[in-house]
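Here is how the chains run, residue by residue.
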Amino acid sequence: MPKIVVLGAGINGISTALAIQESIPKCQVIKQRMNLSVCVSSYPDVQFQIFPVTVISDRFSPNTTSDVAAGLIEPYLCDDDVDRIIKWTRTTILRIQEYMAGGHPGAEEQSGYYLSSVKSIPKWLEVMKNVHILSEKEMKEVAKRPEHKFGFFYTTWYLEPTAYIKWETEQFLKNGGQFLQQKINKIDDVSKMGYDVIVNCTGLGSREMVGDKEVYPTRGQVLRVECPRVKHFLIDDEYYALLNENTITLGGTQDRNQWNTTINPILSQKIFEENCRNIPSLRSARILSAHVDLRPTRGTVRLEAEPNGKVIHNYGHGGSGITLHWGCAMECVNLVKKMMLEEKKNSKI
Ligand SMILES: Cc1cc2nc3c(=O)[nH]c(=O)nc-3n(C[C@H](O)[C@H](O)[C@H](O)COP(=O)(O)OP(=O)(O)OC[C@H]3O[C@@H](n4cnc5c(N)ncnc54)[C@H](O)[C@@H]3O)c2cc1C
Ligand SMILES: NC(=O)C[C@@H](N)C(=O)O
(Lines give C-alpha, C1' and ligand atoms only; values in the text may rest on other atoms or scores of the structure.)
(Ligands and ions follow the chains in the order given, each with its own letter.)
Protein backbone atom coordinates (compact mmCIF):
# COMPACT_ATOMS: atom_id res chain seq x y z
CA MET A 1 0.00 0.00 0.00
CA PRO A 2 1.74 3.22 -1.12
CA LYS A 3 2.24 5.81 1.62
CA ILE A 4 1.09 9.27 0.51
CA VAL A 5 1.84 12.52 2.34
CA VAL A 6 0.49 16.01 1.64
CA LEU A 7 2.46 19.00 2.96
CA GLY A 8 0.34 21.96 4.03
CA ALA A 9 -3.12 22.28 5.62
CA GLY A 10 -4.54 25.30 3.85
CA ILE A 11 -7.43 24.85 1.42
CA ASN A 12 -5.13 23.31 -1.19
CA GLY A 13 -3.49 20.83 1.20
CA ILE A 14 -6.67 19.59 2.86
CA SER A 15 -8.61 19.47 -0.42
CA THR A 16 -5.85 17.58 -2.23
CA ALA A 17 -5.52 15.06 0.59
CA LEU A 18 -9.28 14.47 0.60
CA ALA A 19 -9.43 14.29 -3.20
CA ILE A 20 -6.74 11.57 -3.16
CA GLN A 21 -8.71 9.58 -0.59
CA GLU A 22 -12.01 10.00 -2.46
CA SER A 23 -10.75 9.48 -6.01
CA ILE A 24 -8.19 6.71 -5.93
CA PRO A 25 -10.02 3.33 -6.08
CA LYS A 26 -11.53 2.55 -2.70
CA CYS A 27 -9.88 -0.82 -2.76
CA GLN A 28 -6.50 -2.26 -3.16
CA VAL A 29 -5.12 -4.63 -5.77
CA ILE A 30 -4.73 -7.62 -3.47
CA LYS A 31 -2.75 -10.08 -5.57
CA GLN A 32 -1.00 -11.96 -2.82
CA ARG A 33 -4.26 -12.66 -0.95
CA MET A 34 -6.68 -13.39 -3.77
CA ASN A 35 -4.23 -14.02 -6.55
CA LEU A 36 -5.97 -11.38 -8.66
CA SER A 37 -4.57 -8.65 -10.77
CA VAL A 38 -7.69 -6.50 -10.89
CA CYS A 39 -9.28 -4.22 -8.41
CA VAL A 40 -11.41 -6.40 -6.13
CA SER A 41 -14.22 -3.91 -5.66
CA SER A 42 -16.70 -6.40 -7.15
CA TYR A 43 -15.92 -8.92 -4.39
CA PRO A 44 -18.29 -7.94 -1.54
CA ASP A 45 -16.45 -9.96 1.06
CA VAL A 46 -13.24 -8.02 0.54
CA GLN A 47 -12.55 -5.31 3.07
CA PHE A 48 -12.47 -1.94 1.24
CA GLN A 49 -9.24 -0.16 1.88
CA ILE A 50 -8.69 3.57 1.47
CA PHE A 51 -5.21 4.84 0.83
CA PRO A 52 -3.56 6.01 4.04
CA VAL A 53 -2.91 9.72 3.52
CA THR A 54 -1.02 11.86 6.03
CA VAL A 55 -1.05 15.67 6.13
CA ILE A 56 2.02 17.35 7.63
CA SER A 57 1.81 21.05 8.38
CA ASP A 58 3.18 23.62 10.80
CA ARG A 59 -0.12 25.54 10.95
CA PHE A 60 -3.73 24.39 10.61
CA SER A 61 -7.04 26.15 10.03
CA PRO A 62 -8.08 28.71 11.29
CA ASN A 63 -4.44 29.90 11.22
CA THR A 64 -3.62 29.63 7.52
CA THR A 65 -3.70 32.19 4.71
CA SER A 66 -6.76 30.39 3.39
CA ASP A 67 -8.68 31.37 6.52
CA VAL A 68 -8.18 35.08 5.84
CA ALA A 69 -9.59 34.81 2.32
CA ALA A 70 -12.92 36.44 1.52
CA GLY A 71 -13.98 33.24 -0.22
CA LEU A 72 -15.08 34.96 -3.44
CA ILE A 73 -15.12 32.58 -6.38
CA GLU A 74 -13.39 34.71 -9.01
CA PRO A 75 -9.86 34.57 -10.43
CA TYR A 76 -7.72 37.39 -9.01
CA LEU A 77 -4.00 38.10 -8.91
CA CYS A 78 -3.25 34.93 -10.81
CA ASP A 79 -1.44 35.48 -14.09
CA ASP A 80 -1.70 31.84 -15.16
CA ASP A 81 -3.06 30.72 -18.55
CA VAL A 82 -6.70 31.88 -18.57
CA ASP A 83 -8.02 28.59 -19.99
CA ARG A 84 -6.34 26.60 -17.20
CA ILE A 85 -7.83 29.03 -14.68
CA ILE A 86 -11.29 28.68 -16.20
CA LYS A 87 -11.01 24.87 -16.23
CA TRP A 88 -10.04 24.76 -12.54
CA THR A 89 -12.69 27.33 -11.59
CA ARG A 90 -15.42 25.33 -13.33
CA THR A 91 -14.44 22.18 -11.39
CA THR A 92 -14.44 24.15 -8.13
CA ILE A 93 -17.91 25.58 -8.88
CA LEU A 94 -19.30 22.06 -9.39
CA ARG A 95 -17.75 21.05 -6.07
CA ILE A 96 -19.33 24.07 -4.32
CA GLN A 97 -22.74 23.24 -5.79
CA GLU A 98 -22.39 19.68 -4.45
CA TYR A 99 -21.31 21.06 -1.06
CA MET A 100 -24.28 23.47 -1.05
CA ALA A 101 -26.64 20.61 -2.04
CA GLY A 102 -25.49 18.88 1.16
CA GLY A 103 -26.73 21.88 3.15
CA HIS A 104 -23.26 22.50 4.58
CA PRO A 105 -22.43 25.95 6.01
CA GLY A 106 -20.46 28.80 4.46
CA ALA A 107 -21.34 28.55 0.78
CA GLU A 108 -23.94 30.35 -1.32
CA GLU A 109 -24.48 32.28 -4.52
CA GLN A 110 -23.85 36.01 -4.40
CA SER A 111 -24.71 38.64 -7.02
CA GLY A 112 -23.29 42.08 -7.55
CA TYR A 113 -21.40 44.61 -9.62
CA TYR A 114 -17.93 44.88 -11.11
CA LEU A 115 -17.31 48.57 -11.95
CA SER A 116 -14.18 49.60 -13.79
CA SER A 117 -12.44 52.53 -15.42
CA VAL A 118 -11.59 50.43 -18.47
CA LYS A 119 -13.92 48.70 -20.89
CA SER A 120 -12.87 45.03 -20.73
CA ILE A 121 -14.83 41.80 -20.34
CA PRO A 122 -12.73 39.15 -18.54
CA LYS A 123 -12.86 35.67 -20.15
CA TRP A 124 -13.61 34.07 -16.76
CA LEU A 125 -17.02 35.78 -16.87
CA GLU A 126 -18.14 32.80 -18.99
CA VAL A 127 -18.30 30.59 -15.86
CA MET A 128 -20.53 33.05 -13.97
CA LYS A 129 -24.35 33.20 -13.96
CA ASN A 130 -26.83 35.99 -14.84
CA VAL A 131 -24.16 38.07 -16.60
CA HIS A 132 -25.45 41.48 -17.72
CA ILE A 133 -23.22 44.17 -19.24
CA LEU A 134 -24.47 47.50 -17.90
CA SER A 135 -25.80 50.04 -20.39
CA GLU A 136 -24.68 53.68 -20.25
CA LYS A 137 -27.96 54.55 -18.52
CA GLU A 138 -27.48 51.76 -15.95
CA MET A 139 -23.85 52.84 -15.41
CA LYS A 140 -25.04 56.35 -14.56
CA GLU A 141 -27.37 54.84 -11.92
CA VAL A 142 -24.77 52.61 -10.22
CA ALA A 143 -21.50 54.55 -10.66
CA LYS A 144 -20.20 56.05 -7.40
CA ARG A 145 -17.01 57.59 -8.79
CA PRO A 146 -15.97 59.32 -12.03
CA GLU A 147 -13.68 56.33 -12.74
CA HIS A 148 -16.68 53.97 -12.72
CA LYS A 149 -17.10 54.09 -16.49
CA PHE A 150 -17.86 50.50 -17.40
CA GLY A 151 -19.32 47.53 -15.57
CA PHE A 152 -21.32 44.37 -15.44
CA PHE A 153 -23.67 42.54 -13.08
CA TYR A 154 -23.29 38.80 -12.45
CA THR A 155 -23.79 35.98 -9.99
CA THR A 156 -20.87 34.03 -8.51
CA TRP A 157 -20.43 32.16 -5.22
CA TYR A 158 -18.71 32.53 -1.88
CA LEU A 159 -17.06 29.62 -0.08
CA GLU A 160 -16.03 30.51 3.46
CA PRO A 161 -12.67 28.73 3.82
CA THR A 162 -12.71 28.08 7.56
CA ALA A 163 -16.15 26.42 7.57
CA TYR A 164 -15.33 24.46 4.43
CA ILE A 165 -11.89 23.29 5.62
CA LYS A 166 -13.52 22.17 8.89
CA TRP A 167 -15.99 20.01 6.94
CA GLU A 168 -13.24 18.64 4.67
CA THR A 169 -11.09 17.83 7.72
CA GLU A 170 -13.96 15.82 9.23
CA GLN A 171 -14.30 13.79 5.99
CA PHE A 172 -10.53 13.30 5.82
CA LEU A 173 -10.37 11.95 9.38
CA LYS A 174 -13.42 9.72 8.80
CA ASN A 175 -11.49 8.20 5.86
CA GLY A 176 -8.63 7.33 8.18
CA GLY A 177 -6.46 10.35 7.31
CA GLN A 178 -3.79 11.43 9.78
CA PHE A 179 -2.32 14.81 10.77
CA LEU A 180 1.22 15.58 11.87
CA GLN A 181 2.14 19.06 13.13
CA GLN A 182 5.70 19.76 12.02
CA LYS A 183 7.62 22.46 10.17
CA ILE A 184 9.49 21.02 7.19
CA ASN A 185 12.76 22.84 6.56
CA LYS A 186 13.64 21.17 3.28
CA ILE A 187 11.40 18.90 1.19
CA ASP A 188 14.27 16.38 1.02
CA ASP A 189 13.76 15.79 4.75
CA VAL A 190 10.33 14.32 3.89
CA SER A 191 11.82 11.98 1.27
CA LYS A 192 13.75 10.29 4.09
CA MET A 193 10.52 9.63 6.04
CA GLY A 194 9.62 6.67 3.78
CA TYR A 195 6.71 8.16 1.82
CA ASP A 196 6.10 6.92 -1.74
CA VAL A 197 4.34 10.10 -2.93
CA ILE A 198 4.83 13.63 -1.56
CA VAL A 199 2.34 16.36 -2.57
CA ASN A 200 3.54 19.87 -1.75
CA CYS A 201 0.75 22.36 -0.98
CA THR A 202 2.71 24.76 1.23
CA GLY A 203 1.78 27.98 -0.57
CA LEU A 204 4.27 30.76 0.14
CA GLY A 205 6.20 28.30 2.34
CA SER A 206 7.55 26.72 -0.85
CA ARG A 207 9.81 29.73 -1.31
CA GLU A 208 12.06 28.41 1.47
CA MET A 209 11.08 24.75 1.68
CA VAL A 210 11.58 24.07 -2.02
CA GLY A 211 13.82 27.08 -2.73
CA ASP A 212 11.38 28.48 -5.32
CA LYS A 213 12.10 32.21 -5.45
CA GLU A 214 9.40 32.63 -8.11
CA VAL A 215 6.74 32.49 -5.39
CA TYR A 216 6.46 35.75 -3.48
CA PRO A 217 3.99 37.46 -1.13
CA THR A 218 1.28 39.93 -2.16
CA ARG A 219 0.11 41.48 1.09
CA GLY A 220 -3.66 41.84 1.50
CA GLN A 221 -5.52 43.62 4.33
CA VAL A 222 -9.28 43.18 4.89
CA LEU A 223 -12.04 44.08 7.35
CA ARG A 224 -14.88 41.81 8.41
CA VAL A 225 -18.05 43.87 9.03
CA GLU A 226 -21.69 43.20 9.82
CA CYS A 227 -24.23 45.03 7.65
CA PRO A 228 -27.36 42.97 6.84
CA ARG A 229 -28.74 45.79 4.65
CA VAL A 230 -26.12 45.16 1.96
CA LYS A 231 -27.39 42.47 -0.42
CA HIS A 232 -24.98 42.78 -3.36
CA PHE A 233 -21.22 42.67 -3.66
CA LEU A 234 -19.36 45.51 -5.33
CA ILE A 235 -15.87 45.25 -6.79
CA ASP A 236 -14.05 48.09 -8.52
CA ASP A 237 -10.47 48.60 -9.70
CA GLU A 238 -9.18 49.02 -6.14
CA TYR A 239 -11.75 48.11 -3.51
CA TYR A 240 -14.26 45.36 -2.84
CA ALA A 241 -17.15 44.49 -0.55
CA LEU A 242 -17.82 40.75 -0.71
CA LEU A 243 -20.72 38.87 0.88
CA ASN A 244 -20.19 35.99 3.30
CA GLU A 245 -22.66 34.00 5.39
CA ASN A 246 -23.26 36.64 8.09
CA THR A 247 -20.57 39.22 7.38
CA ILE A 248 -19.13 41.30 4.57
CA THR A 249 -15.43 41.34 3.75
CA LEU A 250 -14.10 44.76 2.80
CA GLY A 251 -10.80 44.88 1.03
CA GLY A 252 -8.70 45.77 -1.73
CA THR A 253 -5.02 46.05 -0.95
CA GLN A 254 -2.45 44.16 -2.98
CA ASP A 255 1.14 45.04 -2.09
CA ARG A 256 3.62 42.86 -3.93
CA ASN A 257 6.74 41.62 -2.15
CA GLN A 258 5.47 43.05 1.14
CA TRP A 259 6.04 40.62 4.04
CA ASN A 260 4.65 42.80 6.84
CA THR A 261 1.64 41.10 8.45
CA THR A 262 1.01 43.78 11.06
CA ILE A 263 -2.44 45.36 10.65
CA ASN A 264 -2.16 49.00 9.57
CA PRO A 265 -5.05 50.89 11.27
CA ILE A 266 -4.82 53.83 8.87
CA LEU A 267 -5.21 51.41 5.96
CA SER A 268 -8.20 49.79 7.69
CA GLN A 269 -9.86 53.19 7.95
CA LYS A 270 -9.16 53.89 4.27
CA ILE A 271 -10.59 50.49 3.22
CA PHE A 272 -13.73 51.26 5.23
CA GLU A 273 -14.14 54.81 3.93
CA GLU A 274 -13.56 53.90 0.28
CA ASN A 275 -16.03 51.02 0.45
CA CYS A 276 -18.60 53.32 2.10
CA ARG A 277 -18.15 55.62 -0.89
CA ASN A 278 -19.01 52.67 -3.16
CA ILE A 279 -21.83 51.38 -0.94
CA PRO A 280 -23.17 54.20 1.30
CA SER A 281 -25.27 51.71 3.34
CA LEU A 282 -21.99 50.43 4.78
CA ARG A 283 -21.92 53.58 6.94
CA SER A 284 -24.15 51.68 9.37
CA ALA A 285 -21.85 48.61 9.41
CA ARG A 286 -20.42 47.19 12.63
CA ILE A 287 -16.68 46.56 12.21
CA LEU A 288 -15.88 43.11 13.62
CA SER A 289 -12.20 42.51 12.84
CA ALA A 290 -9.23 43.32 10.64
CA HIS A 291 -6.89 40.76 9.04
CA VAL A 292 -3.70 40.71 7.00
CA ASP A 293 -2.13 37.84 5.12
CA LEU A 294 0.22 37.14 2.22
CA ARG A 295 -1.11 35.76 -1.07
CA PRO A 296 1.28 33.07 -2.45
CA THR A 297 1.83 34.78 -5.79
CA ARG A 298 3.65 33.22 -8.74
CA GLY A 299 3.74 33.76 -12.53
CA THR A 300 1.88 30.50 -12.91
CA VAL A 301 0.42 28.03 -10.43
CA ARG A 302 3.06 25.33 -10.00
CA LEU A 303 1.01 22.17 -10.54
CA GLU A 304 3.36 19.45 -11.76
CA ALA A 305 5.18 16.23 -10.84
CA GLU A 306 8.96 16.42 -10.54
CA PRO A 307 10.48 14.24 -13.31
CA ASN A 308 11.52 10.71 -12.14
CA GLY A 309 10.75 11.68 -8.58
CA LYS A 310 8.02 11.25 -6.02
CA VAL A 311 7.13 14.90 -5.49
CA ILE A 312 4.07 16.67 -6.89
CA HIS A 313 3.72 20.45 -6.46
CA ASN A 314 0.45 22.38 -6.05
CA TYR A 315 1.18 25.94 -4.90
CA GLY A 316 1.32 29.60 -6.03
CA HIS A 317 -2.42 30.33 -6.40
CA GLY A 318 -2.06 34.08 -5.72
CA GLY A 319 -5.45 35.68 -4.91
CA SER A 320 -7.36 32.69 -6.31
CA GLY A 321 -6.62 29.72 -4.07
CA ILE A 322 -10.26 29.26 -2.98
CA THR A 323 -11.47 29.74 -6.57
CA LEU A 324 -9.07 27.17 -8.05
CA HIS A 325 -8.78 24.65 -5.19
CA TRP A 326 -10.86 21.69 -6.34
CA GLY A 327 -9.79 21.92 -9.96
CA CYS A 328 -6.16 21.83 -8.83
CA ALA A 329 -6.82 19.05 -6.30
CA MET A 330 -8.36 16.83 -9.00
CA GLU A 331 -5.43 17.51 -11.33
CA CYS A 332 -3.12 16.44 -8.49
CA VAL A 333 -5.05 13.17 -8.17
CA ASN A 334 -4.30 12.38 -11.82
CA LEU A 335 -0.62 13.09 -11.23
CA VAL A 336 -0.63 10.80 -8.15
CA LYS A 337 -2.32 7.98 -10.10
CA LYS A 338 0.23 8.36 -12.93
CA MET A 339 3.12 8.30 -10.45
CA MET A 340 1.77 5.17 -8.73
CA LEU A 341 1.33 3.42 -12.09
CA GLU A 342 4.92 4.23 -13.08
CA GLU A 343 6.09 3.04 -9.67
CA LYS A 344 4.24 -0.26 -10.14
CA LYS A 345 5.70 -0.73 -13.65
CA ASN A 346 9.23 -0.02 -12.39
CA SER A 347 8.84 -2.34 -9.41
CA LYS A 348 7.94 -5.17 -11.86
CA ILE A 349 11.21 -4.73 -13.74
C1 LIG B 1 -6.68 39.18 2.17
C2 LIG B 1 -6.84 38.01 1.25
C3 LIG B 1 -8.07 37.78 0.64
C4 LIG B 1 -8.21 36.69 -0.23
N5 LIG B 1 -9.45 36.45 -0.81
C6 LIG B 1 -9.59 35.42 -1.68
C7 LIG B 1 -10.85 35.18 -2.31
O8 LIG B 1 -11.84 35.88 -2.05
N9 LIG B 1 -10.93 34.14 -3.21
C10 LIG B 1 -9.83 33.35 -3.51
O11 LIG B 1 -9.95 32.44 -4.35
N12 LIG B 1 -8.63 33.54 -2.89
C13 LIG B 1 -8.49 34.58 -2.01
N14 LIG B 1 -7.28 34.80 -1.41
C15 LIG B 1 -6.13 33.96 -1.80
C16 LIG B 1 -6.13 32.66 -1.03
O17 LIG B 1 -6.20 32.95 0.35
C18 LIG B 1 -4.84 31.87 -1.30
O19 LIG B 1 -4.64 31.74 -2.68
C20 LIG B 1 -4.98 30.48 -0.69
O21 LIG B 1 -5.21 30.59 0.68
C22 LIG B 1 -3.75 29.61 -0.91
O23 LIG B 1 -4.05 28.38 -0.26
P24 LIG B 1 -2.90 27.32 0.04
O25 LIG B 1 -3.55 26.16 0.71
O26 LIG B 1 -2.12 27.07 -1.21
O27 LIG B 1 -1.91 28.10 1.02
P28 LIG B 1 -2.05 28.43 2.57
O29 LIG B 1 -3.44 28.69 2.97
O30 LIG B 1 -1.01 29.47 2.82
O31 LIG B 1 -1.59 27.07 3.27
C32 LIG B 1 -0.24 26.67 3.26
C33 LIG B 1 -0.08 25.60 4.33
O34 LIG B 1 1.25 25.08 4.28
C35 LIG B 1 1.80 25.12 5.57
N36 LIG B 1 3.24 25.29 5.43
C37 LIG B 1 3.89 26.26 4.74
N38 LIG B 1 5.23 26.06 4.82
C39 LIG B 1 5.42 24.94 5.59
C40 LIG B 1 6.57 24.24 6.04
N41 LIG B 1 7.80 24.65 5.73
N42 LIG B 1 6.40 23.14 6.81
C43 LIG B 1 5.14 22.71 7.13
N44 LIG B 1 4.01 23.33 6.72
C45 LIG B 1 4.16 24.44 5.97
C46 LIG B 1 1.12 26.29 6.27
O47 LIG B 1 1.16 26.12 7.67
C48 LIG B 1 -0.32 26.13 5.73
O49 LIG B 1 -1.02 25.15 6.48
C50 LIG B 1 -7.12 35.85 -0.50
C51 LIG B 1 -5.89 36.08 0.14
C52 LIG B 1 -5.75 37.15 1.01
C53 LIG B 1 -4.42 37.37 1.69
N1 LIG C 1 -11.69 40.55 -5.54
C2 LIG C 1 -11.16 39.46 -5.06
O3 LIG C 1 -11.31 38.42 -5.60
C4 LIG C 1 -10.38 39.58 -3.81
C5 LIG C 1 -9.63 38.36 -3.33
N6 LIG C 1 -9.46 37.29 -4.28
C7 LIG C 1 -8.27 38.76 -2.78
O8 LIG C 1 -7.31 38.05 -3.05
O9 LIG C 1 -8.21 39.81 -2.10
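Residues numbered from 1 in each chain as written. Chains lettered and ligands numbered in written order. Predicted model: local features only at pLDDT ≥ 70, side-chain atom pairs only at ≥ 80, totals over all residues. Heavy atoms only, no water.

- For the chain, the name recorded in an unreviewed UniProt entry is CRE-DAAO-1 protein, with Caenorhabditis remanei as its organism.
- Among the UniProt annotations of the chain, the heading Subcellular location (unreviewed entry) holds the following wording: "Peroxisome matrix".
- UniProt, in the comment section headed Cofactor (unreviewed entry), describes the chain in these words: "FAD". (UniProt positions renumbered as here; feature names shortened; annotations may be inferred.)

**Regarding the site of ligand 1**
Step number 1: Lining the immediate surroundings of ligand 1 are 34 residues, of which D58, S66, L72, I184 and G318 lie closest.
Step number 2: In this structure, I11 approaches ligand 1 through a main-chain N or O atom, which is 3.3 Å from an oxygen atom.
Step number 3: At 3.1 Å from a nitrogen atom of ligand 1 is found a main-chain nitrogen or oxygen belonging to A70.
Step number 4: Bound to the protein, ligand 1 loses 97% of the 1000 Å² it would expose on its own. (Near = heavy atom within 4 Å. Polar contact = N/O pair within 3.5 Å; in protein donor to acceptor, adjacent residues only side chain to side chain. Areas by Shrake-Rupley, 256 points an atom, 1.4 Å probe, with all protein chains shown as cover.)

**Quick word on the sheet that holds strand β15 (residues 311–315)**
Step number 1: If you walk across this open sheet you meet the six strands as β6-β2-β1-β7-β15-β14, and the pairing is mixed. Looking along the sheet, the strands with just one partner apiece sit at the ends: β6 (178–181) and β14 (302–305). Averaged over all neighbouring strand pairs, the angle between strand axes comes to 20 degrees, with direction disregarded.
Step number 2: When strand β1 (residues 4–7) meets strand β2 (residues 53–57), the two strands line up parallel, connected through four bridges. (Pairing = 2+ DSSP bridges. Helix = DSSP H or I, 4+ residues; strand = E, 2+ residues; numbered from the N terminus. Axes fitted to C-alpha atoms, helices over the stretch in contact; angles between N-to-C directions.)

**Here's the deal with the nonpolar core**
Proteins that are soluble and globular tend to have nonpolar side chains buried together.
Step number 1: Judged by nonpolar contacts, the single largest core of 60 residues is most densely connected at I20, L159, V199 and V336.
Step number 2: Considering every element that reaches this core, the biggest residue donor is helix α10 (residues 321–348), with eleven residues.
Step number 3: Setting aside anything within four residues of it in sequence, one finds V199 in contact with V5, V6, L7, T16, I20, I312, C332 and V336.
Step number 4: If you look at the next biggest cluster of nonpolar residues, it comprises 21 residues, including L115, L134, V225 and L267. (Core = buried A, V, L, I, M, F, W, Y, C linked by side-chain atoms within 4.5 Å. Buried < 20%, exposed > 50% of the residue type's maximum accessible area, 1.4 Å probe, protein only. Contact = heavy atoms within 4.5 Å.)

**What about the UniProt feature "binding site: D-dopa" (unreviewed entry) in the chain?**
Step number 1: Under the present numbering, the feature "binding site: D-dopa" (unreviewed entry) in UniProt falls on Y240, R295 and G319.
Step number 2: Residue position: Y240 is located in strand β10 (residues 240–243).
Step number 3: For Y240, a relative accessible area of 11% gives the class buried.
Step number 4: Excluding residues within four positions of it along the chain, Y240 makes contact with Y76, V222, L234, I235, T249, L250, G251, G252, N275 and R295.
Step number 5: Judged by its relative accessible area of 26%, G319 is partly exposed.

**Re the site of ligand 2**
Step number 1: In the vicinity of ligand 2, the contacting residues are L72, Y76, Y240, R295 and G319.
Step number 2: The contact in question runs from an oxygen atom of ligand 2 to an N or O atom on the side chain of Y240, over 2.6 Å.
Step number 3: Within the side chain of R295, a nitrogen or oxygen atom sits 2.8 Å from an oxygen atom of ligand 2.
Step number 4: Compared with its free state, where it exposes 270 Å², ligand 2 has 90% of that area covered by protein.
Step number 5: Here the shell around ligand 2 is composed, by residue class, of three nonpolar, one polar and one charged. (Nonpolar A, V, L, I, M, F, W, Y, C, P; charged D, E, K, R; others polar.)

**Brief notes about helix α9 (residues 265–278)**
Step number 1: Between its first and last C-alpha atoms α9 spans 20 Å; for 14 residues at 1.5 Å apiece the expected length is 20 Å, and the two agree.
Step number 2: Taken together, the buried positions of α9 are L267, S268, I271, F272, E274, N275, C276 and N278.
Step number 3: Where α9 begins, the capping side chain belongs to N264, and its oxygen is found 2.8 Å from the backbone nitrogen of I266. (Expected span 1.5 Å × (residues − 1).)

**So, the pattern of salt bridges**
Step number 1: According to the stated counting rule, one finds 20 salt bridges in the structure shown.
Step number 2: With a closest N to O distance of 3.5 Å, R145 and D236 form a salt bridge. In this pair, R145 is assigned in the loop between α5 (136–142) and β5 (150–159) and D236 in the loop between β9 (233–235) and β10, connecting sequence segments 91 residues apart.
Step number 3: A salt bridge links E274 to R145; its shortest N-O distance comes to 2.7 Å. Of this pair, E274 sits in helix α9 while R145 is found in the loop between α5 and β5, placing the two residues 129 residues apart along the sequence. Comparing E274 with R145 shows no difference in burial state: the two are buried.
Step number 4: When salt bridges that share partners are traced, they join R145, E147, D236, K270 and E274 into one network. (Salt bridge = Lys/Arg side-chain N within 4 Å of Asp/Glu carboxyl O.)

**A look at the packing of helix α1 (residues 11–23) against helix α6 (residues 161–174)**
Step number 1: Remark: α1 packs on α6, axes separated minimally by 10 Å, with the N-to-C direction vectors making an angle of 35 degrees. Read as a crossing pair, α1 and α6 show a hand that is left-handed. Contacts between α1 and α6 pair I11, I14, S15, A17, L18 and Q21 from the former with Y164, I165, E168, T169, Q171 and F172 from the latter.
Step number 2: Here the contact of α1 with α6 is built from residues that sort into seven nonpolar, four polar and one charged. (Left-handed = near helix turned anticlockwise from the far one by under 90°.)

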